[in-house]
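A closer look at the structure
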Amino acid sequence: MALRRGPSGVGGQRSRAATFRVSLAAFLVVSVIAPLCFLVIRGKGSASYGHMDFLTDPNGQVIDIIKANLDDSGPLSLNISRPNGFPSSWVYVNSDSAGKQDAVIDGRKATEQETPKNKDIKEASQKDIKEAVPDHPESTDTPIKIARRVLRQRRKEKRAAELVQYNSEATVKLENAAIERSKAVDSAVLGKYNIWRKENVNENSDTTVRAIRDQIIMAEVYAGIAKSKNRLDLYEELMLRLKESQRALGDTSIDADLTRSPIEKMKLMGDTLSKSRMRLHDCGLVTQKLRAMLQAADEQVRSLKKQSIFLSQLAAKTIPNAIHCLSMRLTIAYYLLPPEKRKFPNTEKLEDPTLYHYALFSDNVLAASVVVNSTIMNAKEPEKHVFHLVTDKLNFGAMNMWFLLNPPGSATIHVENVDEFKWLNSSYCPVLKQLESASMKEYYFKADHPTTLSAGSSNLKYRNPKYLSMLNHLRFYLPQVYPKLDKILFLDDDIVVQKDLTPLWSVDLKGKVNGAVETCGQSFHRFDKYLNFSNPHISRHFSPNACGWAYGMNVFDLKEWKKRDITGIYHKWQNMNEGRTLWKLGTLPPGLITFYGLTQPLDKSWHVLGLGYNPTVDRSEIENAAVVHYNGNMKPWLEIAMTKYRPYWTKHIKYDHPMLKMCKLSE
């Protein structure tokens, strides 16, 4: 095969020569011509910028891109820059022998638009700038920096003011909320001083009195130390000042009642105490004396508390003179009446089971009258209401005479004497049998012969007549007292009726015997409060958490009572408690046992309790209650009654009655 040669070899050589010549020309342009053009343009630019001697824009505003750097070894240098960066040609430093400083900046004109930030800077007053930076020639801060500092300071002050205002508003809200909560607090706590009362608006009303009492305490301390160290002169001076201060202070409790004398004695006492402190002060001895005084005061408080309990129980078991006077006058008037005038009308209604029958057992004439009057006042059909009142022999005449003089309108009333119930004797009634025993007489009447008030306080409650009187235990014999009745409403004599009670006769007891309001709230007033659950007889038959209920207003189904032999159940447990090992006293514990599982709860609005011991009973509950009960020691007819609850009772008494006036009975 023959090979052909073409012109390709000669053409390739020519192409390589042409490429070399183009590369050489490009190199000459880049290395020679371009630098010459750059130098020419640079010279023109420098000439155009060199005439600018000021660093302000056309509006006279300092340009915010200038940074001043002062070098100790050289002149002032101004670097012109922007956040987005400038070419290096924008930096120029110049200095002359006179110390003048010129800076070169960009010849391009800044935009005329004014940002909100610059606007705020302009609003900064020249006064604020002068105050922010004093006139020091060496200061290097520019006006723009000063203006910014002023604005930052203003923002801090504004924020601080907002926080202070917020804190003030929050404090006011908390105070208002606390005031609103305090309005709901009942400050009328018996025997308790409450600083939130309106009369105690001055929180420092007893500052001086307390200071004098503090002086008396310290005088007693130093007097004891002075006597122990045989500093008799100082001891006598302290005792003298002590007696003077005690005599001058007396029973004063607030500064407004102080005379000039206690203030003068206070100054003299202060001088004596200062002298004693210098001569006798010993921290160990003072602490020891104060601790001993504290212990003595604690013992005294305990003793006074026991005495207070004793006197409260003593007052609860006594009858005020005015009520005793009323009973005596009524008794005399009754026995002066001829026998034919001692009878009440409507005796045929006493055994009519279709009427509304009430059982009331009391030896207090005034209390019984309030129960009857308040019931009749609120009854819709008073002519259908029958009151069965039982009292003792001592008050039988007075009770009859009062209702003969003050008949309960169209209602029927009948008064009986418990001592005339011949069937109620010691052979039938366990309580009467136990009261005749020597051990019971020792327990109730002698009570270990206490020699002091505080020692007898724990035993006095057992000697209260209500625990020994058969009037209190007669509630367990209702079918025997009223054999022909089917249902009866039992009322205590320390209650007030505020609504019509006739709907109670139509309440469905669901086959149970007793209708009552329950009193348990959480752990209070449950069976373990009244019964001894360490005794196996109690623990086997009853639950300690079973809910208690209240005597005072109870609906009893006498038919169901007879069917279940409730009186027999009561006798059984009363006989078992002869040694008082199941419960201590009263009729509520045996009532809880006797009617265990046989009590139907009623709505709480039927019967509100606590007005004889609880100062915090809700007012709305009292107002809405059908019956309010003054259970406790503070009965409404006693001087120790709580004044806030007493008007509910006194409004049913006619104090202008001649008998009440003769005995000086008043509100």
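The rules behind the values
Residues numbered from 1 in each chain as written. Predicted model: local features only at pLDDT ≥ 70, side-chain atom pairs only at ≥ 80, totals over all residues. Heavy atoms only, no water. Helix = DSSP H or I, 4+ residues; strand = E, 2+ residues; numbered from the N terminus. Contact = heavy atoms within 4.5 Å. Areas by Shrake-Rupley, 256 points an atom, 1.4 Å probe, with all protein chains shown as cover. Disulfide = S-S within 2.5 Å. Buried < 20%, exposed > 50% of the residue type's maximum accessible area, 1.4 Å probe, protein only. Pairing = 2+ DSSP bridges. Axes fitted to C-alpha atoms, helices over the stretch in contact; angles between N-to-C directions. Core = buried A, V, L, I, M, F, W, Y, C linked by side-chain atoms within 4.5 Å. Phe/Tyr/Trp six-rings, centres within 6.5 Å; stacked < 30°, edge-to-face > 60°. Lys NZ or Arg CZ within 6 Å of the ring centre and 35° of its normal. Expected span 1.5 Å × (residues − 1). Arc of directions from axis to C-beta. Left-handed = near helix turned anticlockwise from the far one by under 90°. Nonpolar A, V, L, I, M, F, W, Y, C, P; charged D, E, K, R; others polar.

Each helix and strand counted, the protein chain has 25 helices and 14 strands in total. Within the protein chain, contacts between residues at least 6 apart in sequence are counted, and of these 73% link residues at least 24 apart. Roughly 40,700 Å² of accessible area belongs to the protein chain as shown, and the carbon and sulfur atoms make up 55% of that amount.

Let us now look at the state of the cysteines. Simply put, disulfide is the name for a covalent bond between the sulfur atoms of two cysteines. Going through the model one piece at a time under the given rule, you end up with 2 disulfides. Covalently, Cys 325 is tied to Cys 663 through a disulfide, its sulfur atoms 2.2 Å apart. Since a negative S-S torsion denotes a left-handed disulfide, the Cys 325-Cys 663 link at about -75° is left-handed. Of the two residues, Cys 325 sits in helix H9 (residues 321-335) while Cys 663 sits in the segment after helix H25 (658-662), which places them 338 residues apart along the sequence. On the accessibility criterion, Cys 663 (6% relative accessible area) is buried. With a sulfur-sulfur separation of 1.8 Å, Cys 520 is cross-linked through a disulfide to Cys 547. On the sign convention where negative means left-handed, the S-S torsion of about -100° between Cys 520 and Cys 547 marks this disulfide as left-handed. Of this pair, Cys 520 sits in the loop between strand E10 (514-516) and helix H18 (527-530) while Cys 547 sits in the loop between helix H19 (536-541) and strand E11 (553-557), placing them 27 residues apart in sequence. A relative accessible area of 17% places Cys 520 in the buried class. Take Cys 547: its relative accessible area is 18%, and that puts it in the buried class.

The next subject is the sheet that holds strand E8 (residues 487-491). Spatial strand order, E7-E6-E5-E8-E11-E10-E12: 7 strands in an open sheet with mixed pairing. Two strands in the sheet have a free side with no partner beyond their single neighbour: strand E7 (412-417) and strand E12 (599-601). Strand-to-strand twist in this sheet, taken as the mean axis angle between neighbours without regard to direction, amounts to 25°. Note that E10 and E12 share 3 bridges and pair parallel. Its bridge partner lying in E12, Gly 515 is registered against Gln 600. Docked against the sheet, helix H10 (residues 365-378) engages strand E5 (356-361), strand E6 (385-391), E7 and E8, running at close to 175° with respect to E6.

To continue, consider the nonpolar core. One finds Leu 326, Leu 489, Leu 501, Leu 504 and Trp 649 to be the most contacted residues of the largest nonpolar core, which totals 65 residues. If one sorts the elements of this core by residue count, H10 sits on top with 8 residues. If we skip the residues at most four places from it in the chain, Leu 504 touches Leu 489, Met 553, Val 555, Leu 602 and Trp 606. The next biggest cluster of nonpolar side chains, apart from the first, holds 43 residues, and it includes Leu 432, Met 470, Val 513 and Tyr 530.

A few words on the environment of His 629. Checked against the element boundaries, His 629 lands in strand E14 (residues 627-629). Taking the relative accessible area as the measure of exposure, His 629 reaches 2% and is therefore buried. As for His 629 and Asp 492, which are separated by 137 residues in sequence, their C-alpha atoms are 8.3 Å apart. Leaving out residues up to four positions away in the same chain, His 629 has contacts with Asp 492, Asp 494, Ile 495, Tyr 551, Gly 552, His 607, Val 608, Leu 609, Gly 610, Leu 611 and Gly 612.

The subject of this paragraph is the sheet that holds strand E13 (residues 607-608). Sheet strands associate in pairs through backbone hydrogen bonding, adopting either a parallel or an antiparallel arrangement. As summarised here, the arrangement of the 3 strands in space is E9-E14-E13, forming an open sheet in which the pairing is mixed. The open sheet is flanked by strand E9 (495-497) and E13, the only strands paired with a single partner. Relative to E14, E13 runs parallel, the two being bridged by 2 bridges. Of the residues in E14, the one forming a bridge with His 607 is Val 627.

Before going further, it helps to examine the packing of aromatic side chains. The full count for this structure, using the stated rule, is 24 aromatic pairs. Ring centres 6.2 Å apart and planes at 75° place the aromatic pair Phe 490 and Tyr 551 in the edge-to-face group. In this pair, Phe 490 is assigned in strand E8 and Tyr 551 in the loop between H19 and E11, connecting sequence segments 61 residues apart. Judged on exposure class, the residue Phe 490 and its partner Tyr 551 are both buried. In this structure, Arg 342 is placed above the aromatic ring of Tyr 334, and the distance from its NZ or CZ to the ring centre is 5.1 Å.

As a further point, take H9. Along its 15 residues, H9 runs 21 Å from first to last C-alpha, staying within 8% of the 21 Å computed at 1.5 Å per residue. Those residues of H9 not exposed but buried are Ala 322, Ile 323, Leu 326, Ser 327, Leu 330, Thr 331, Ala 333 and Tyr 334. In this fold, the buried residues of H9 make contact with H10, helix H11 (396-405) and H25.

Bringing helix H6 (residues 232-249) into the picture now. Over its 18 residues, H6 runs 25 Å from end to end, which matches the ideal 26 Å to within 8%, given 1.5 Å per residue. Among all positions in H6, only Leu 234, Leu 238, Arg 241, Leu 242, Glu 244, Ser 245 and Leu 249 are buried. Each buried residue of H6 lies within a common arc of 170° when the element is viewed along its axis, so the set occupies one face. H6 presents Asp 233, Glu 236 and Arg 247 as exposed residues on the side facing more than 90 degrees away from its buried surface. Buried-residue contacts for H6 involve helix H5 (207-228) and helix H7 (260-280). Phi turns positive one or two residues past the end of H6, at Gly 250, with a value near 60°.

Closest axis-to-axis distance for the H5/H7 pair is 10 Å, and the angle between their directions is 35°. Our pair here, H5 against H7, has a crossing hand that is left-handed. Side by side, H5 and H7 meet where Thr 208, Ala 211, Ile 212, Gln 215, Met 218, Ala 219, Tyr 222, Ile 225 and Ala 226 of the first sit next to Pro 262, Ile 263, Met 266, Met 269, Gly 270, Leu 273, Ser 276, Arg 277 and Leu 280 of the second. Its residues assigned to classes, the contact of H5 with H7 shows 13 nonpolar, 4 polar and 1 charged.

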